[in-house]
Amino acid sequence: VADAADGFAGVTPEQKALVADVLRARGWVVGMLGDGMNDAAAMKRADVGIAVKGAADAACACADVILNSDALASLIECIKIC
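It should be emphasised that the depicted structure is a prediction, and the values quoted were computed from it without experimental measurement. (Residues numbered from 1 in each chain as written. Predicted model: local features only at pLDDT ≥ 70, side-chain atom pairs only at ≥ 80, totals over all residues. Heavy atoms only, no water.)

## Looking at the nonpolar core
Of all hydrophobic cores here, the largest spans 16 residues; its most connected members are Leu 23, Val 30, Met 32, Met 43 and Ala 51. Secondary structure elements with two or more residues in this core: helix H1 (13-25), helix H2 (40-45) and helix H3 (57-62). No other element matches H1, which puts four residues into this core. Leave out the neighbours within four places in its chain, and Leu 23 touches Ala 2, Asp 3, Phe 8, Trp 28 and Val 30. Counting five residues, the second largest nonpolar core, distinct from the first, contains Ile 50, Leu 67, Leu 75 and Cys 78. (Core = buried A, V, L, I, M, F, W, Y, C linked by side-chain atoms within 4.5 Å. Buried < 20%, exposed > 50% of the residue type's maximum accessible area, 1.4 Å probe, protein only. Helix = DSSP H or I, 4+ residues; strand = E, 2+ residues; numbered from the N terminus. Contact = heavy atoms within 4.5 Å.)

Right under this line is the structure:
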């Protein structure tokens, strides 16, 4: 399932981290977008952790990138750069 998906939503923090681990083990480059403490573990395990504007301190602390715009375009630009 993980290989065929474009994204994941509605999963627990443990499931988020597991998805990042599984995809990385299969050779995928993994980006995790998060805004709260519940996202921190998966953001840390991803190749690129991305915190959104206004994210909790825990998410920002483990992020590789912090978006400074609410616009989806900033995420797309981040993906192009990374």
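## Comments concerning the layout of surface pockets
Considered as a void within the structure, the largest pocket measures approximately 750 Å³ in volume. Forming the boundary of the largest pocket are 25 residues, of which Asp 6, Gly 7, Val 30, Gly 31 and Met 32 lie nearest the centre. Those elements that place two or more of their residues in the lining of the largest pocket are H1, strand S1 (31-34), strand S2 (48-51) and helix H4 (72-81). In terms of residues, the lining of the largest pocket owes the most to one element, H1, which gives four residues. The residue inventory of the lining of the largest pocket, partitioned by class, reads 19 nonpolar, three polar and three charged. (1 Å grid on protein atoms, 1.4 Å probe; cavity = no way out; pocket = protein on both sides within 12 Å on 5 of 7 lines; lining within 4 Å. Points joined across faces, edges and corners; volume = space filled by probe spheres on them. Nonpolar A, V, L, I, M, F, W, Y, C, P; charged D, E, K, R; others polar.)

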